[in-house]
Amino acid sequence: MNSSLGQKIKSIRKDKQKTLKQVAEQSGFSISFLSQLERGKTSATLESLKKISVALGVSPGHFFEEENGGQAGDGNMIMAERIAAYGVHYRNLAAGFSAPDFMPMQVTLEPGQNGGQPITHAGQEFVYVLEGTLTVEVGGELSILTMGQSLFYDAGESHYWYNRSSQRTVFLCISSDTGK
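Residues numbered from 1 in each chain as written. Predicted model: local features only at pLDDT ≥ 70, side-chain atom pairs only at ≥ 80, totals over all residues. Heavy atoms only, no water.

Participant: Explain the overall build of the protein here, please?
Facilitator: Summing up its helical and strand segments, the protein has four helices and nine strands in all. Order of helices (α) and strands (β) in the protein, N terminus to C terminus: α-α-α-α-β-β-β-β-β-β-β-β-β. The buried share among the 180 residues of the protein stands at 44%. Across the protein, every contact between residues at least 6 apart in sequence was considered, and the portion connecting residues at least 24 apart equals 62%. Counting every atom, the protein has about 8,900 Å² of accessible surface; 48% of that belongs to carbon and sulfur. (Helix = DSSP H or I, 4+ residues; strand = E, 2+ residues; numbered from the N terminus. Buried < 20%, exposed > 50% of the residue type's maximum accessible area, 1.4 Å probe, protein only. Contact = heavy atoms within 4.5 Å. Areas by Shrake-Rupley, 256 points an atom, 1.4 Å probe, with all protein chains shown as cover.)

Participant: I'm lost on the sheet that holds strand β8 (residues 159–162) in this one. Help?
Facilitator: In any sheet, the strands associate via hydrogen bonds between backbone groups, in a parallel or an antiparallel arrangement. In space, the three strands of this open sheet follow the order β6-β5-β8, with antiparallel pairing throughout. Because the sheet does not close on itself, it has two edges, and the strands there are β6 (141–146) and β8. If you compare each strand with its neighbour and ignore which way they point, the axes differ by 20° on average. Both strand β5 (residues 133–138) and β8 contribute to a ladder of four bridges, which runs antiparallel. (Pairing = 2+ DSSP bridges. Axes fitted to C-alpha atoms, helices over the stretch in contact; angles between N-to-C directions.)

Participant: Whenever I open this one, the side chain of E137 confuses me. Can you help?
Facilitator: Inspection of the secondary structure puts E137 in strand β5. Nearest to the buried, unbridged E137 among oppositely charged side chains is R164, at 5.3 Å. Only 2.9 Å separates the side chain of E137 from the side chain of Y162, close enough to count as a polar contact. The contact partners of E137, leaving out residues within four places of it in the chain, are P118, L142, S158, H159, Y160 and Y162. (Lys, Arg positive; Asp, Glu negative; His and termini not counted. Salt bridge = Lys/Arg side-chain N within 4 Å of Asp/Glu carboxyl O. Polar contact = N/O pair within 3.5 Å; in protein donor to acceptor, adjacent residues only side chain to side chain.)

Participant: Help me out: how do you make sense of the pairing of β6 in this one?
Facilitator: Looking along a regular strand, one sees the side chains alternate between the two faces of the sheet. The pairing of β5 with β6 spans six bridges and is classified as antiparallel. Paired with V138 across the bridge in β6 is E141. Joining the antiparallel neighbours β5 and β6 is a turn of two residues, in which G139 adopts a positive phi near 60°.

Participant: Help me out: how do you make sense of the nonpolar core in this one?
Facilitator: Counting 17 residues, the largest nonpolar core has V107, V127, L134, V136, W161 and F171 as the members making the most contacts within it. Sorting the residues of this core by element identifies β2 (88–92), β3 (103–109), β4 (124–131), β5 and β9 (169–175) as the ones contributing at least two each. Sorting elements by how many residues they give to this core places β3 first, with four residues. Leaving out residues up to four positions away in the same chain, F171 has contacts with M105, Q106, V107, L109, V127, Y128, V129, L130, L134 and W161. Formed by 16 residues, the second largest nonpolar core is a distinct cluster that contains L20, A44, I52 and F63. (Core = buried A, V, L, I, M, F, W, Y, C linked by side-chain atoms within 4.5 Å.)

Participant: Would you take a moment to explain the environment of A55 for this structure?
Facilitator: Note on placement: A55 falls in helix α4 (residues 46–56). Spatially, the C-alpha atom of A55 lies 8.3 Å from that of A24, the residues being 31 residues apart in sequence. Ignoring any residue separated from it by four or fewer positions in sequence, one finds A55 in contact with K18, V23, Q26 and S27.

Structure follows, in C-alpha cells:
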C-alpha cells in the first residue's frame, strides 16, 4: 500500500476525533503499526483494513474514495476501488452518510480470490449474492451461495468470503459493525 492510503486513514481518524490509542484498542493493532501505516512505512492486508474500518466506523472502501467525491450523473457514489493484491473491489452504498447505523457495500471478488484469513468484529453481517458463487466461512463452517441466495451471521464469529470459482462474484454485504 502507499502513503496516500495512510494519509486517508489518518484523515478519517482525525475527522472522527479518535486517537491512535483508541483505534489500536478497537482494532487490536499496536499504536506503532497504525502510526507506520498512516506514514506509509508499512502496508495493510485486507483483514487489517477491515478491522481498522470497523474501529473508524466506515466501509473498507471508504479508504479509497476519491477526494472529489466521484459523483456519477445519477448521484450515486462511484466506489469501485480495488485492493489489488486480493482482487477485491468495494462499492460503498452509503456514501454521503456521515454516521450510518449499518454499512451497505457491493463487493466484487475476482475469480479464485481465496487469500486472507478469517476475521472477527462486533456486529452482524448479511450477504446477498448478485452474481456468481460466493463461499462464506463462518465459525469454521462453509456455506456456498449462488445468485439470489443470502446468509445472515454474527460477525463476532470468525468469518471470511471467498470466490473459489472461475467467474467473478458480486454480492451485497450489509454490516452493522459501525461501532454504534
